[in-house]
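# A closer look at the structure
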Amino acid sequence: MARDRTGAGTITTEVAIGGLAIDARRDAARRYFTMTPPRSDKRNGILVAGLGIVGVGNAGALVGLTDQWAAGVVIGGVALGFVGQGLRLLSVYRRRVEAAEPKPTDAHMDALLGDDIRDTADRALLALGITLDELALRSRDVDPLTKGGHRRLADQGRGPIPVFGPTPFTLGRIGHDGKWRFARYRIMVICPTGHNLGIYTCDLDSTTGHRLHERTDEYHYDDVVAVRTTTTTTPDIAIRVLDATAQNRVALGSPLHRQFQIIVSSGDRGSIIVGIEDEHESGQTVPLQESGIEAVIEAVRRILRVKKGGIAPSL
C-alpha cells in the first residue's frame, strides 16, 4: 500500500543546490551545453568585411580617377553594406563564443552532479521523515569499495540509495571522455527501513541545481511485486554534441530505453532511464555516467527477500 506524504501526490519546488553560487553555476553549466561556433563563422565575417573594404577603395578610385560619381556612389554603397554585414557576423560570432566558452570540464560537471545527488539524498530523508539510523539498507551496502575499487558517482556511504538517469528528450552532450551528460536528470532515492520501502523522486535541472516535481511514496514490502530493468522502444531521439563535424547531432535509428523499475501491486511504478541503445545496430549504445544499476537491483532484491521472508519476484 502506498502512502504519499505530499497529499496531492506530486509537488513542484525549485531549490538552489550545489557548491557554486547560483549565477556562477548557471553560467558554467549553460556554457557546457552550448555549442561553440565553428571558426569558419569568424572567417566568413572577416571575408565579407574585407570584400566590403576593397569595394569602398575601388569606389573611391573610380570617382577620383574617372569622375564617374554615380557609379562610384552605387559601388561604394554596396561595399559599405558588405562591411556592415561582415561586422555583424563577427559580432554574432563573438557573442556566441562568449556564451559557450570557457567550458567547465567533464570532471567539474560530474562534481556538480555529485553534489546535487548528495543534497537530493538528504532531501529525500527529510521529505520521507526517515533518519539515517532507520535505514535497513545503505548506499555503501550496494557497491562498497571492496567490490568495485571505486565509488559510484551516486554513492552516499551511510545514506540512502540514489539512482539517476536522463529525463526523456532532454538536451545532452558528449564529453571529451566519451560519456553523455544531460541538462536534466530524473533521480530516484531508495530508502528501505525496517517496515517500509520509502521512495523519493524528482527531476534535477543540472544547469541550475533546481529540483522539480518532487514526489514521495512509502510501500509495505509485501506490496512490492517486482524490481527489474526493462527495455522499451521510444520515439527517435537526437542529442546535440560538442563535435561540430558531427553536424551537432548523433541519431539512433531505432532507440531503446533501458529503464529501472520498482513496481507495486497497485500498478504504480517508479522508473529511471539507465541505458540508451539502438535496436538494429549491435553495440551502438550511449555511454552514460556509471550508475551501478545491477548492484542496486541485487541489493534491493536482497532486502526484499529478507523482509518478505521468501524470494522477491523478478519479472
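Heads up: the structure comes first, above all this text.
The following refers to the structure shown.

What counts, and where the lines are drawn
Residues numbered from 1 in each chain as written. Predicted model: local features only at pLDDT ≥ 70, side-chain atom pairs only at ≥ 80, totals over all residues. Heavy atoms only, no water. Helix = DSSP H or I, 4+ residues; strand = E, 2+ residues; numbered from the N terminus. Buried < 20%, exposed > 50% of the residue type's maximum accessible area, 1.4 Å probe, protein only. Contact = heavy atoms within 4.5 Å. Areas by Shrake-Rupley, 256 points an atom, 1.4 Å probe, with all protein chains shown as cover. Phe/Tyr/Trp six-rings, centres within 6.5 Å; stacked < 30°, edge-to-face > 60°. Lys NZ or Arg CZ within 6 Å of the ring centre and 35° of its normal. Pairing = 2+ DSSP bridges. Salt bridge = Lys/Arg side-chain N within 4 Å of Asp/Glu carboxyl O. Expected span 1.5 Å × (residues − 1).

### Some thoughts on the overall build of the chain
When helices and strands are tallied, the chain shows 7 helices and 12 strands. Residue burial in the chain is summarised as follows: out of 315 residues, 45% are buried. Taking all contacts inside the chain whose residues are at least 6 apart in sequence as the whole, residues at least 24 apart take part in 66%. Split by element, the accessible area of the chain, about 15600 Å² in all, is 55% carbon and sulfur.

### Here's the deal with the packing of aromatic side chains
Under the defined criterion, the tally for this structure stands at 3 aromatic pairs. With a centroid separation of 5.9 Å and an interplanar angle of 70 degrees, the aromatic rings of F164 and Y185 are classed as edge-to-face. With F164 in strand β2 (residues 161–166) and Y185 in strand β5 (residues 184–192), the pair connects residues that are 21 residues apart, well separated along the chain. When the ring of F182 is compared with that of Y185, the centres are 6.0 Å apart and the planes differ by 90 degrees; the resulting orientation is edge-to-face. Each member of the pair, F182 as well as Y185, carries the same accessibility label: buried. The structure contains a cluster of three or more aromatic residues connected by ring pairs, namely F164, F182 and Y185. In this structure, R173 is placed above the aromatic ring of Y32, and the distance from its NZ or CZ to the ring centre is 4.0 Å.

### Remarks on the pairing of strand β6 (residues 196–205)
For β6, the tally of buried residues reaches 10 of 10 residues, placing the bulk of the element in the interior. Alternating residues of β6 divide into N196, G198, Y200, C202 and L204 and L197, I199, T201, D203 and D205, and every residue in both groups is buried. Across 9 bridges, β5 lies against β6 in antiparallel orientation. Note that in β6 the partner of C191 across the bridge is G198.

### Description of the pattern of salt bridges
Across all of its chains, the model carries 13 salt bridges by this definition. A salt bridge links R96 to D41; the nearest nitrogen and oxygen atoms lie 3.2 Å apart. Taken together, the residues span a long stretch of sequence, with R96 in helix α3 (residues 69–100) and D41 in helix α2 (residues 39–66) at a distance of 55 residues. Relative accessible area serves as the criterion here: at 35%, R96 is assigned to the partly exposed category. Of the charged contacts in the structure, one is a salt bridge between D205 and R184, with a shortest N-O distance of 4.0 Å. Highlighted residues: D205 in strand β6 and R184 in strand β5, separated in sequence by 21 residues. On the basis of relative accessibility, which here comes to 15%, the residue D205 falls in the buried class. Accessibility expressed as a relative area gives 27% for R184, which makes it partly exposed. Each member of the salt-bridge network shares a partner with another, and the members are D106, D110, D177 and R181.

### Quick word on helix α4 (residues 106–128)
In a regular helix each residue adds 1.5 Å, so 23 residues correspond to 33 Å; α4 covers 32 Å between its end C-alpha atoms and thus fits that length. Where α4 terminates, the next one or two residues include G129, which has phi positive at roughly 70 degrees.

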